[in-house]
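One letter stands for each residue in the lines below.
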Amino acid sequence: MKKLTYYVAAFALCCGVSQTLTSCVDETEEPDYVKAVREAEMKAEIAENEKNAKIDGKEAAAAFTTASLDGLTAKEIYEAYEEVKTCRDFADRQLAQAIANKTNFYACVQNRKEQQGILEDQLKSAKKATATLADDVDATTRAKTEAYEKYTESKKAAYDSDEGFFPFSADGYFDNELGLTLPYAYTSEPISADWATIQGNYLYCKQAKADADALFAEIEEIYKEAITAQKTANN
């Protein structure tokens, strides 16, 4: 009888413990419908955060696009890019024409050869004048004689080179909104001008091309950045 009582008591104790543990598990575990609601709330919050981030990104991209080129809009940046391409292409064509002028125009080439011969004689004469100066000649005469020799030497060097110093000359200019000075190359053939005029036009066209290339590179970079910003804003 005592054993039976013992077993009953032990069984009752085990049942009590099991019920206690079960109730603990039930209390800590959420029902399925609660989990579903909580997951839905979390997804909605994530979606809202992503939406806000995308809006912020679009606003930032739009602000960047507007401020990229001194406050110009994307449309104005595109127009500037198209215009600078036109200017660069124009400068390329004029430089090619100016080079052809130096190479192909018979009168111009003949004029260069004649001038080179004249300057060669002048340089020989100037050097002789400098070499025969008396030791006691006054300083002013010596300075003028030596200066003339240097001037004649530099002028001949200019005629012998493609990079000599000649007055810039042009047959009109190409108008543009970018502030570039774009000269036209001479187009008449045979040209009724001397070598210095043709050379000056060539150097002018060469400088214009360098300026156009530099501005094109600058605006192209801004244009590409604006395109990237627009793509970001539209995603």
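Keep in mind that what you see is a predicted model, and the values were worked out from it rather than measured.

So, about the overall build of the protein chain. Within the protein chain, the regular secondary structure consists of six helices and two strands. Ordered by position from the N terminus, the helices and strands of the protein chain form the series α-α-α-α-α-β-β-α. Burial analysis of the protein chain (235 residues in total) assigns 26% to the buried set. Within the protein chain, residue pairs in contact and separated by at least 24 positions form 72% of the contacts whose partners lie at least 6 positions apart. Per element, the accessible surface of the protein chain, about 15900 Å² overall, is 56% carbon and sulfur.

If you check helix 5 (residues 139-160), its first and last C-alpha atoms are 32 Å apart, about what 22 residues at 1.5 Å a residue would give, namely 32 Å. Among all positions in helix 5, only T145, E149, T152, K156, A158 and Y159 are buried.

Moving on, we get to the confidence of the model for the protein chain. Atom-level detail of predicted coordinates should not be read off regions where pLDDT is low. The predicted model of the protein chain has a mean per-residue pLDDT of 78, with 67% of residues at 70 or higher. Throughout residues 1-15 the model reports pLDDT below 50, and contacts reaching past four residues in sequence, or to other chains, amount to zero contacts. Contacts from residues 23-27, a stretch scored under 50 in pLDDT, to residues over four places away or in other chains number zero contacts.

This paragraph deals with the packing of aromatic side chains. Per the stated rule, a full pass over the model turns up eight aromatic pairs. Aromatic pair Y173 and Y204: ring centres 5.9 Å apart, planes at 70°, arrangement edge-to-face. Placement of Y173 in strand 1 (residues 173-174) and of Y204 in helix 6 (residues 195-234) is noted, with a sequence separation of 31 residues between them. On the basis of relative accessibility, which here comes to 43%, the residue Y173 falls in the partly exposed class. Since its relative accessible area comes to 15%, Y204 is described here as buried. Through a chain of ring-to-ring contacts, the aromatic side chains of Y78, Y81, F216 and Y223 assemble into a single cluster. Positioned above the aromatic ring of F216, the side-chain terminus of R88 is 4.0 Å from the ring centre. One cation-aromatic arrangement involves K102 over Y202; the distance from NZ or CZ to the ring centre is 3.9 Å.

Moving on, we come to the environment of G164. Locating G164 in the fold gives a position in the loop between helix 5 and strand 1. C-alpha separation for the pair G164 and A196, spaced 32 residues apart in sequence, amounts to 9.2 Å. Dropping the residues within four chain positions of it, G164 is found in contact with A158, Q199 and L203.

Time to look at the pattern of salt bridges. In this structure the tally under the stated criterion is eight salt bridges. Between K224 and E220 there is a salt bridge, with its nearest N and O atoms 3.9 Å apart. Taken together, the positions of K224 and E220, both in helix 6 and four residues apart, correspond to about one turn of that helix. Beyond isolated ion pairs, a larger network of salt bridges with shared partners links D92, K209 and D213.

Looking at the secondary structure, you find T187 in the loop between strand 2 (182-183) and helix 6. Separated by 90 residues in the primary sequence, T187 and Q97 have C-alpha atoms spaced 7.5 Å apart.

The residue N101 is located in helix 3 (residues 74-104) in this model. Polar contacts involving the side chain of N101 include one to the main-chain carbonyl oxygen of Y186, which spans 2.8 Å. Aside from chain neighbours lying at most four places away, what touches N101 is C108, A185, Y186, I198 and N201.

Cut-offs applied
Residues numbered from 1 in each chain as written. Predicted model: local features only at pLDDT ≥ 70, side-chain atom pairs only at ≥ 80, totals over all residues. Heavy atoms only, no water. Helix = DSSP H or I, 4+ residues; strand = E, 2+ residues; numbered from the N terminus. Buried < 20%, exposed > 50% of the residue type's maximum accessible area, 1.4 Å probe, protein only. Contact = heavy atoms within 4.5 Å. Areas by Shrake-Rupley, 256 points an atom, 1.4 Å probe, with all protein chains shown as cover. Expected span 1.5 Å × (residues − 1). pLDDT = per-residue confidence, 0-100. Phe/Tyr/Trp six-rings, centres within 6.5 Å; stacked < 30°, edge-to-face > 60°. Lys NZ or Arg CZ within 6 Å of the ring centre and 35° of its normal. Salt bridge = Lys/Arg side-chain N within 4 Å of Asp/Glu carboxyl O. Polar contact = N/O pair within 3.5 Å; in protein donor to acceptor, adjacent residues only side chain to side chain.

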